[in-house]
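This is what each chain is made of:
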Amino acid sequence: MHDTTPLLIELGSIILGLGILGRLAGRIGFSPIPLYLLAGLAFGHGGLIPLDASEEFVATGAEIGVILLLLLLGLEYSASELVTNLKTQYPSGIVDLLLNAVPGAVAALLLGWGPVAAVALAGVTWISSSGVIAKVLGDLGRLGNRETPVILGVLVIEDLAMAVYLPLLTALLAGLSLAGGSVTLLISLGTVGAVLYLALRHGRLISRAVSSDNPEMLLLVVLGLTVLVAGIAQELQVSAAVGAFLVGIALSGEVAKGAHHLLAPLRDLFAAVFFVFFGLNTDPAAIPPVLVTALVLALVTTVTKIGTGWYAARRAGVRTAGRWRTGGTLVARGEFSIVIAGLAVGVEPRIGPLATAYVLILVILGPLAARWTEPLVRRVTRGRKPKDAARVPAAVPAPEIPGTPGAPGTPEQSGGVRGAV
């Protein structure tokens, strides 16, 4: 019989350590994500005490973590709300692409890596981390904020754009012909379109088929369906995360609320495992040579992401404080950037360490930017009369308090988010 003792000891230590770090972060009012990453960095390859026995299990748990993060994000919206977001937010998606993909492409060309590596690094700097941002929104209690639908709208456009970008990148990296790349692209677009059609036209039937008064049965069916669809989506060259998100979109009403309640603890566990796994697979020795380049790129794309969020929120009519919160929340990069870099290392090996350092910087900076961008801007601009002031009645009912429903310009409850408190 295979000796599982080392596996159990390592897994127990990891989970216990995550619990301690989470409690520590809660005491200081800080997101636990950077602590999870640093813990993984300390005990990964080249770290203090490498964890070997549990590596395969943790890798599988990390994939499940990303799937659950995107599933629960999808449960917040209905299919009709998704389509509305796409119609209203597509200009913001174009601005997002131009502001955040161009710096990565330019950096790769300046480093002499060639056009294919430029396309890859453009994706690394373009796509925000839906997983990290979903966790941050929950940690900061902002799911009910008025700007949250704007944030989710930008993320949805990015995630769906991956259904086009990843097959194209794969074709470029493999040197496929135009015909071969077109077939891959058509398959991915057809898959996304079919799932969206089923969600829009037959979402109620799907929810009715999945529904159960027995929590155990509901948990098993929803989780099994999500993992199955994610696997099929990945097999068809569509991101597993996009597949999980679309399953969440397809479920609505009481089924969505019940599934959210049952799966939230599992999401928190496996999401923490994902962030640890990311750190475990980062060799600390590979970071210093590319740290300056990664830091400059991170600072530039932090500013461009904040600009993207500010523009998107302004288009949606969100007031000034919410615009800055939107921009700060979009800063984090994560799972998609690592996937893209992993695909591209065969063409340009140096893109791996650079992407790792870049994502590590922004996955730590992202939660900080989400929390502090708006307060810092408010402090810097204190004493200046805001543009919104002319439209505000003379008698303001209450001062703005972040996290309070109905506060001026911030946490007004949005009808587009289901289950938000």
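This text gives an overview of the structure that appears in the document. The shown structure was predicted, so the numbers you read here are calculated from the model rather than taken from an experiment.

**Description of the environment of Ala272**
At step 1: As for its placement among the helices and strands, Ala272 is situated in helix H11 (residues 253-280).
At step 2: Residue classification places Ala272 among the buried residues on the basis of a relative accessible area of 4%.
At step 3: Once the C-alpha coordinates of Ala272 and Leu18 are considered, the two residues, 254 residues apart in sequence, prove to be 7.2 Å apart.

**Details of the nonpolar core**
At step 1: Among the nonpolar cores identified, the biggest contains 107 residues, and Leu71 and Leu121 are the most heavily contacted of them.
At step 2: The greatest single-element share of this core, amounting to 14 residues, is contributed by H11.
At step 3: Residues within four places of Leu71 in sequence aside, it is in contact with Val222, Thr226, Ala244, Phe245, Val247, Gly248 and Leu263.

**Focus: helix H9 (residues 215-235)**
At step 1: Helix length check: H9 (21 residues) gives 30 Å between terminal C-alpha atoms against 30 Å at 1.5 Å per residue, within 8%.
At step 2: For H9, the set of buried residues is Leu218, Val222, Thr226, Ala230 and Ala233. Looking down the long axis of H9, one finds its buried residues gathered within 80 degrees of arc, a one-sided arrangement. The exposed set on the far side of H9, more than 90 degrees from its buried face, consists of Leu220, Leu228 and Glu235.
At step 3: With a side-chain oxygen positioned 2.9 Å from the backbone nitrogen of Glu216, the residue opening H9 is Asn214.

**Section: the pattern of salt bridges**
At step 1: Taken as a whole, this structure holds seven salt bridges when the rule is applied.
At step 2: Ionic pairing is found between Glu348 and Arg350, a salt bridge with its closest N-O pair at 2.8 Å.
At step 3: By relative accessible area, which is 8% here, Glu348 ends up buried.
At step 4: When salt bridges that share partners are traced, they join Glu147, Arg325, Glu374 and Arg378 into one network.

**Notes on the packing of aromatic side chains**
Two aromatic rings, taken as a pair, are described by how far apart their centres are and by the angle between their planes.
At step 1: Under the defined criterion, the tally for this structure stands at two aromatic pairs.
At step 2: Ring geometry for Trp126 versus Tyr165: centroids 6.1 Å apart, planes at 90 degrees, classification edge-to-face. Taken as a pair, Trp126 in helix H5 (residues 115-126) and Tyr165 in helix H7 (residues 148-174) lie far apart in primary sequence, 39 residues in all.
At step 3: Owing to a relative accessible area of 11%, Tyr165 belongs among the buried residues under this scheme.
At step 4: On the numbers, 6.3 Å between centres and 55 degrees between planes, the contact of Trp310 with Trp324 is tilted. Here Trp310 is found in helix H12 (residues 291-315), whereas its partner Trp324 is found in helix H13 (residues 320-329), with 14 residues between them in sequence.
At step 5: On the basis of relative accessible area, Trp324 is assigned to the partly exposed category, the value being 25%.

What counts, and at which threshold
Residues numbered from 1 in each chain as written. Predicted model: local features only at pLDDT ≥ 70, side-chain atom pairs only at ≥ 80, totals over all residues. Heavy atoms only, no water. Helix = DSSP H or I, 4+ residues; strand = E, 2+ residues; numbered from the N terminus. Buried < 20%, exposed > 50% of the residue type's maximum accessible area, 1.4 Å probe, protein only. Core = buried A, V, L, I, M, F, W, Y, C linked by side-chain atoms within 4.5 Å. Contact = heavy atoms within 4.5 Å. Expected span 1.5 Å × (residues − 1). Arc of directions from axis to C-beta. Polar contact = N/O pair within 3.5 Å; in protein donor to acceptor, adjacent residues only side chain to side chain. Salt bridge = Lys/Arg side-chain N within 4 Å of Asp/Glu carboxyl O. Phe/Tyr/Trp six-rings, centres within 6.5 Å; stacked < 30°, edge-to-face > 60°.

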